[in-house]
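If you want the building blocks of each chain, they are given just below.
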Amino acid sequence: MPFGNTHNNFKLNFKVEDEFPDLTKHNNHMAKVLTKEIYGKLRDKQTPSGYTLDDVIQTGVDNPGHPFIMTVGCVAGDEETYEVFKDLLDPIISDRHGGYKSTDKHSTDLNFENLKGGDDLDPDYVLSSRVRTGRSIKGYTLPPHNSRGERRAIEKLSVEALTSLDGEFKGKYYPLKSMTDAEQDQLINDHFLFDKPVSPLLTCAGMARDWPDGRGIWHNDDKSFLVWVNEEDHLRVISMQKAGNIREVFRRFCVGLKRIEEIFKKNNHGFMWNEHLGYVLTCPSNLGTGLRGGVHVKLPKLSTHAKFDEILTRLRLQKRGTGGVDTASVGGVFDISNADRLGSSEVAQVQLVVDGVKLMVEMEKKLEKGEAIDSMIPAQK
Amino acid sequence: MASSFTRILAGRNPAVLLAGLGAGTAAVGFLLSESGALSAESKRSLYPPSADFPDLRKHNNCMAAALTPAIYAKLRDRVTPHNWTLDQSIQTGVDNPGHPFIKTVGCVAGDEESYEVFAELLDPIIKDRHNGYDPKTMKHPTDLDASKISNAVFDEKYVLSSRVRTGRSIRGLSLPPACSRSERREVERVVVTALGGLKGELSGRYYSLGDMTDSEQQQLIDDHFLFDKPISPLLTCAFMARDWPDARGIWHNNEKNFLIWINEEDHTRVISMEKGGNMKRVFERFCSGLKQVEQLIHERGWEFMWNERLGYILTCPSNLGTGLRAGVHVRLPNLSKDTRFSKMLDNLRLQKRGTGGVDTAATGDTFDISNNDRLGKSEVELVQMLVDGVNYLIECEKKLEKGQDIKVPSPVTQFKK
């Protein structure tokens, strides 16, 4: 919520008890962690750009959460949010990322050659492969907080960087506010178009302000590498293609990201990254690699097996419907991707997807033949 | 409790004043701290108003029509005593380009002082929305003497129900777009305490939105009293749904004909209503109730936001002045089919809505007919105009029933001479 530090100073005239939000009916990470003591300690602080505690938590106050899905309930307004409000955010990060400690270090590995296999997933089962992540650009505040001037500057810099790419990455930018109807239809047909957020998780965090100003989609001519500008993060980078060669998808992902990063660094606006949190993004759930690598895979028999969910948990994978998060699967086809983001590298996370999906396809084949799979069930990774 | 303008400068940082003196021409390197962080104040130099000016080319609302780069540049860095800014005021208008046929206002006030601090923008918007009312030169009349109303008991063969609503803001506390949780809770405390002092036909009770039982909620729904979290982006983009349902609630009297909403789109919305055509009684209760509530908050040192130029101060500039919408649900089966119906309403300074409220379609031949104007005429004048207008429409309906002809009335004058 872009109220900023001046509005916060006025609120300091009121007592902690009077300002503390009512979180009695809430079920999100922020509500579990925030106490009156922490609130009292952090309420007069602000980041250099003026982002305050109430700004961080507004989305979690406005969205009590679902009894079964645990949302994060807070966002960062800039890179410094994670430092200035660490008394609140460190416990939330630990909770969300499997006990990650404030002293832990995160390793980044974008060398696709370190991935083993991944080029031979059975295309009769694996219909498509995709890897996505986000990147924030140093020197600008994040989507919940940035002004129109900043957002436009981010767009300008991103477009300069992307349109300078060549070879397999040669492509074009489509700004949301000036695309033609024909361009819009094409982007919808390619499943590339993103729309104004409707989820209150995002709108209550101020991320849809001034829509569609400064937002757009860039993709390469091959339609296999795609960048979203100024949606939930400064940049969302997506590499995808049909069938099961996730190795090739990951190669293009790594190569493309490195090329883009070089260009931003030359302009003195590298990506936000640090040793402890890895890549810094708007939502604490995307810290670390920010990577979700996955496939659409046909598992009609395995998905109805009693041990399916347990197998996924042990493989450190998660399932979603083919419409994305919170959708149901259609025709036994699932979106299977890595569950982790922080505490393991990109290569390690994609390796889990490669190995896990390979194993599950073999299990599916066994079940088709009427054979049991109990001996194949893996130990916890 | 009352704010003062001396606080306008209280929230400003010395760095801003320095920047204003010419430090703003410094290079980016100077403005960034060692870690590369951009301070809030140095952003003002790095991003001049022209970099932040919104793209309003596809917009059709009062704010987009009035905001120029020059006005924006002048007002962008100003702050009200409650630390509310221009960007916050106009966010809803930037986020909601508007409909080609309906012209929305496109901005809100965060506090009483917004109307002064951002007058360069809000005065032209007020003029546009309120038919040429000029806050710089005109005075708004307030008159809540219900005894002055005549001919206000309608034929119940035609008028099914009568209703008058307005809003009131508590001076010294920020309005719904800007208020902190403690301010909102203070509004609730002040108003609920005052309402607890009402007696006789006005005595009643308060239902807090967060604490009501399921059966209380069902009863309020059945009585058509319950309001819910705003979903309209016009309101959500203006930050009015924050912290829902904290400090929101509904108060109504035991007779269920006097109702107050707390902390929805305004600090309070006050509604007097009953079935049938006795608008006189509805307005009497409205005026009496408002006066009693005002007396009760005075006793504790509070008052309503009001001034001579703008009348009662409310969140949306469209509700300034009286904030009053007086209306009836009326059956006009023959007249509504007459091609002159719309013109008649225009000349009588009335508007029609469906019986579900604004933007709903009429069901059958029953319409919600109410006053168009809010600012520049008093409550008594507006209610009398509504009464005269509805009486005229009913006369026409009766004439058409008998096969007689009707005349379009001449237009009512806009402002008091």
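None of these values were measured; they are calculated from a predicted model.

Rules used in this analysis
Residues numbered from 1 in each chain as written. Chains lettered and ligands numbered in written order. Predicted model: local features only at pLDDT ≥ 70, side-chain atom pairs only at ≥ 80, totals over all residues. Heavy atoms only, no water. Helix = DSSP H or I, 4+ residues; strand = E, 2+ residues; numbered from the N terminus. Buried < 20%, exposed > 50% of the residue type's maximum accessible area, 1.4 Å probe, protein only. Contact = heavy atoms within 4.5 Å. Areas by Shrake-Rupley, 256 points an atom, 1.4 Å probe, with all protein chains shown as cover. Axes fitted to C-alpha atoms, helices over the stretch in contact; angles between N-to-C directions. Parallel < 35°, antiparallel > 145°, perpendicular 65-115°, else oblique. Left-handed = near helix turned anticlockwise from the far one by under 90°. Nonpolar A, V, L, I, M, F, W, Y, C, P; charged D, E, K, R; others polar. Phe/Tyr/Trp six-rings, centres within 6.5 Å; stacked < 30°, edge-to-face > 60°. Pairing = 2+ DSSP bridges. Core = buried A, V, L, I, M, F, W, Y, C linked by side-chain atoms within 4.5 Å. Salt bridge = Lys/Arg side-chain N within 4 Å of Asp/Glu carboxyl O. Polar contact = N/O pair within 3.5 Å; in protein donor to acceptor, adjacent residues only side chain to side chain. pLDDT = per-residue confidence, 0-100.

Q: So what about the overall build of chain B? Which residues, and what values?
A: When helices and strands are counted, chain B shows 15 helices and 10 strands. Here chain B, with 417 residues, has 57% of them falling under the buried criterion. Within chain B, contacts between residues at least 6 apart in sequence are counted, and of these 74% link residues at least 24 apart. A total accessible area of about 17,500 Å² is found for chain B, and carbon and sulfur atoms account for 54% of it.

Q: Account for the packing of helix α8 (residues 148-163) of chain A against helix α11 (residues 246-266) of chain A, with residues named and values stated.
A: All names here are of chain A. Where α8 meets α11, the axes come as close as 9 Å, and the angle between the chain directions of the two elements is 125°. For the element pair α8 / α11, the angle class is oblique. Crossing of α8 against α11: the hand is right-handed. Residues L157, S158, A161 and L162 of α8 form the contact with α11, whose participating residues are I260, I263 and F264. In the contact of α8 with α11, the residues fall into 6 nonpolar, 1 polar and no charged.

Q: How would you sum up unusual backbone geometry? Please name residues and give values.
A: Along the chain, W211(A) connects to P212(A) via a cis peptide bond; the corresponding omega equals 0°. Cis geometry marks the peptide bond from W244(B) to P245(B), where omega comes out at 0°. Among the secondary structure elements, P245(B) is positioned in the loop between α12 (233-236) and β3 (249-253). Of note, N230(A) is a non-glycine position whose phi angle comes to about 65°, a positive value. Notably, N263(B) is not glycine yet its phi reads approximately 65°, a positive angle. Assessed through its relative accessible area of 2%, N263(B) is described here as buried.

Q: Residues and numbers for the packing of aromatic side chains, please.
A: Residues and elements named next belong to chain A. Under the counting rule described, the total for this entry stands at 16 aromatic pairs over all chains. A centroid spacing of 5.0 Å and a plane angle of 70° characterise the contact between F169 and F225, whose relative ring orientation is edge-to-face. Highlighted residues: F169 in the loop between α8 and β2 (171-175) and F225 in strand β4 (residues 225-229), separated in sequence by 56 residues. Given a relative accessible area of 0%, F169 falls into the buried group.

Q: Which residues make up the sheet that holds strand β3 (residues 216-220) of chain A, and what are the values?
A: All names here are of chain A. Spatially, the 8 strands line up as an open sheet ordered β2-β3-β4-β5-β1-β8-β10-β9, and their pairing is antiparallel. Strand pairing shows two members of the sheet lacking a second neighbour, β2 and β9 (317-320), which therefore form its edges. Shown here is a sheet whose adjacent strand axes are inclined to one another by a mean of 20°, direction ignored. Along the sheet face, helix α12 (residues 308-315) touches β9 and β10 (333-338) and points at about 135° away from the line of β9.

Q: Let's hear about the nonpolar core: which residues, and what values?
A: Counting 59 residues, the largest nonpolar core has V227(A), F250(A), L302(A), I336(A) and M360(A) as the members making the most contacts within it. Looking at this core element by element, the count peaks at 10 residues for helix α13 (residues 346-368) of chain A. Sequence-distant contacts of F250(A), defined by excluding residues within four places in its chain, comprise F112(A), L115(A), V131(A), L291(A), E346(A), V347(A) and V350(A). The next biggest cluster of nonpolar side chains, apart from the first, holds 58 residues, and it includes Y158(B), L195(B), V282(B) and F304(B).

Q: Pulling in residues and values, what's your account of the environment of T203(A)?
A: Residue and element names in this part refer to chain A. Secondary-structure assignment places T203 in helix α10 (residues 200-203). Accessibility expressed as a relative area gives 32% for T203, which makes it partly exposed. For the pair T203 and K223, spaced 20 residues apart in the sequence, the C-alpha separation amounts to 29 Å. Those residues within four positions of T203 in sequence are excluded, and the remaining contacts are P197, V198 and A208.

Q: Could you give an account of the environment of R130(A), naming the residues involved and the relevant values?
A: Residues and elements named next belong to chain A. Tracing the sequence through the fold places R130 in strand β1 (residues 126-135). In this structure R130 comes out as partly exposed when scored by relative accessible area, which is 28%. For the pair formed by R130 and G40, sequence separation is 90 residues and the distance between their alpha carbons is 44 Å. Residues in contact with R130, not counting those within four places in the same chain, are I238, S239, M240, V249, R292, G293 and G294.

Q: Just give me the short version of the interface of chain A and chain B, but keep the residues and values in it.
A: Facing the 45 residues of chain A at the interface are 46 residues of chain B. Linking chain A to chain B there are 3 salt bridges. Notably, a salt bridge pairs D87(B) with R148(A), separated by 2.8 Å at the nearest N-O pair. Taken together, the links from chain A to chain B amount to 23 residue pairs in polar contact (both at pLDDT 80 or more).

Q: For the sheet that holds strand β5 (residues 268-275) of chain B, give the residues involved together with the corresponding values.
A: Residues and elements named next belong to chain B. Read across the sheet, 8 strands follow the order β2-β3-β4-β5-β1-β8-β10-β9 without closing on themselves; strand pairing throughout is antiparallel. Where the open sheet ends on each side, the last strands, each with one partner, are β2 (204-208) and β9 (350-353). Taken pair by pair, the neighbouring strands of this sheet meet at an average axis angle of 20°, ignoring direction. In this fold helix α13 (residues 279-299) packs onto β1 (159-168), β4 (258-262), β5 and β8 (325-331), with an angle of close to 20° to the strand it touches most, β1.

Q: An account of the pattern of salt bridges is requested, with residue identities and associated values reported.
A: Residues and elements named next belong to chain B. Taken as a whole and judged by the stated rule, the model has 64 salt bridges over all chains. Notably, a salt bridge pairs K398 with D155, separated by 3.6 Å at the nearest N-O pair. Remark: D155 occurs in the loop between α9 (119-129) and β1 and K398 occurs in helix α15 (residues 379-401); sequence separation between them is 243 residues.

Q: Tell me about the confidence of the model for chain B, residues and numbers included.
A: All names here are of chain B. Taken residue by residue, chain B gives an average pLDDT of 89. The fraction at 70 or more is 88%. Here residues 1-32 is modelled with pLDDT under 50, and outside its nearest four sequence neighbours on either side it reaches 40 contacts, counting other chains as well. As a predicted assembly, this complex carries a pTM of 0.89 together with an ipTM value of 0.89.

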